[in-house]
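# Descriptive analysis of the structure
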Amino acid sequence: MSRCRNRSTSAIAAAVTALAVLTACGGGEDSAPAADGKPVTITFWGWAKGTKETVDAFNAAQKDIRVKFEEIPAGGAGGYAKISNAVKAGNAPDLVSIEYPSLPEFVSQGALKDIRLPEEVKGKLLPQAVELTTLGGKSWAVPFDAAPQAFYYRKDLFEKYGVEVPKTWDEFRAAAEKVKKANAKARIATFFPDDPTTFEAMVWQAGAQWFKAEGDTWKIDTTDAATAKVTGYWQDLLDKDLVHNDVSFSPEWTGSLKNDSTIGYLGASWGAGVLKGTLPEQSGKWAVAPMPSWDGKPASGMLGGSTFAVTKDSGHAEAAVEFATWMATTEQGVKARIGSGTSSAFPAATELRPVAKSAFDAGYYGGQDIYRLFDEAGASIKGGWAWGPTTGTTNTTIKDQLGKVSGGSTTIADAVRAGHEATVAELRKRGLKVEG
């Protein structure tokens, strides 16, 4: 263990090299399903809607691998802390759910195993998802879903207020003004001060690249023109009271949807299931549109999205990868999750999009072909974005500052600047070379 730890520490001295060398500390022998006829038992921690139903379907479909599932809080709500503590204590589960933004941090900490994802599996997946799970030339997780952005809106209220569905951000601002004028209490959407990833998806869509690893150096840039444009735009909407400012998925946010004072939601593909489960009484009133873009052409960032990763101490990595691959790339796995009625996950496995579409009851959206829209949005996800190995520090700092914006003591630009400074400081603290 000490030799592995030393090797990991020395590896972290160079950004990309660190991510590559950490595979040496993955350790442990992979265990295939037992040859004695007894099933291998693996443990799996996750929180996504439909996960339990998926595990049950897998256990019922074969006898070689048994999966014990434990539901944990969502990553940012305590799930990641639970996983990290379990890794440190040496009692982590075999398989865990990790969102794309947090994967590099777990890799840099030596918490995961390189899973050597076969090329035939990679070939089935959205290239942008493979890119986000490939660090230092090695595969660290099985991508499950992509999460292209989408705009959900109350079609009945848009019609009532005479508002056209915006295709550009300029049109979105004009639509926001029209909504407020038609109903002084209503707003077109909500800015989430507690969720930096929503803001980061906007920045990603605009063409920014906050993190870039070149050689042994991390280049951090949050001061580019794309970031400044998005920051100024949302600050203006807040200053003019054209959007609400509520914590995501909070009672306040949900209440505003129920009482029609919020008539739109800037989310991702998985948001279709969220609205359906949160507001069942509004079935038939909602529709989905492409995310507004700066020039009106299709463009998207990725808001969340989940992967399945094998922890470093797993003694059953081969079985864990087999289960993860089944969940992500088989018709049965996708049907089980979407068929639960609680998930609108958009599979990273491109050939399974029709399966997801047929399994999701689109009646809530008036029968709209929302998966066709997600497919087009997924294809427009801008490549080149990378997450850094200190995303937790970055996002915690930005979140803390965004919470003060509504009081006027700080701005979105200040929050991004604070996140930048905290990120650079943390990378240097870890012994990494930084520019920015």
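Residues numbered from 1 in each chain as written. Predicted model: local features only at pLDDT ≥ 70, side-chain atom pairs only at ≥ 80, totals over all residues. Heavy atoms only, no water.

### A look at the environment of T423
Using the following cut-off: Secondary structure elements follow DSSP: runs of H or I of four or more residues count as helices, runs of E of two or more count as strands, with numbering from the N terminus. Relative accessibility under 20% of the residue-type maximum defines a buried residue, over 50% an exposed one, and the middle range a partly exposed one, all with a 1.4 Å probe and only protein chains included. In what follows, residue pairs with any heavy atoms lying within 4.5 Å of each other are defined as contacts.
Counting through the fold element by element, T423 comes out in helix α19 (residues 412-429). Take T423: its relative accessible area is 1%, and that puts it in the buried class. Separated by 30 residues in sequence, T423 and T393 place their C-alpha atoms 6.3 Å apart. Once you skip the residues sitting within four places of it in the chain, T423 turns out to touch F211, I220, T390 and T394.

### Side note on the sheet that holds strand β3 (residues 95-99)
Put simply, the test is: Pairing between two strands requires that DSSP report at least two bridges joining them.
Pairing is mixed across the open sheet formed by 5 strands, whose spatial order is β2-β1-β3-β15-β6. Bordering the open sheet on either side are β2 (65-71) and β6 (142-143), each of which pairs with just one other strand.

### Some thoughts on the nonpolar core
Selection criterion: Definition of nonpolar core: a set of buried residues of the types Ala, Val, Leu, Ile, Met, Phe, Trp, Tyr and Cys, connected through side-chain atoms within 4.5 Å.
Counting 115 residues, the largest nonpolar core has Y152, F172, I188, W234, L275, Y365 and F374 as the members making the most contacts within it. Element by element, the count of residues in this core is highest for helix α14 (residues 317-329), at 9 residues. With sequence-adjacent residues up to four places away left out, Y365 is seen in contact with Y152, K155, G271, A272, L275, K276, W286, A287, V288, F360 and I370. Core analysis: the second largest hydrophobic core is formed by 19 residues, I83, A86, V96 and V107 among them.

### Quick look at empty space enclosed by the protein
What counts is decided by this rule: Only protein atoms enter the 1 Å grid used here, on which a cavity is any set of points holding a 1.4 Å probe that cannot leave and a pocket is any open set flanked by protein within 12 Å on both sides along at least five of seven lines; residues with an atom within 4 Å of a point are listed as lining. Grid points are joined across faces, edges and corners, and a volume is the space filled by probe spheres set on the points. Any residue outside Ala, Val, Leu, Ile, Met, Phe, Trp, Tyr, Cys, Pro, Asp, Glu, Lys and Arg is labelled polar, Gly included; the first ten of those are nonpolar and the last four are charged.
Under the defined criterion, the tally for this structure stands at 3 cavities of 30 Å³ or more. Taken as a whole, the largest cavity spans an internal volume of roughly 70 Å³. Lining the largest cavity are T190, F191, F192, D195, T198, F199, M202, W234 and L266. For the lining of the largest cavity, the elements supplying multiple residues, two or more each, are β9 (190-191) and α10 (196-206). Tallying contributions element by element places α10 first for the lining of the largest cavity, with 3 residues. Of the residues that constitute the lining of the largest cavity, the class distribution is 6 nonpolar, 2 polar and 1 charged.

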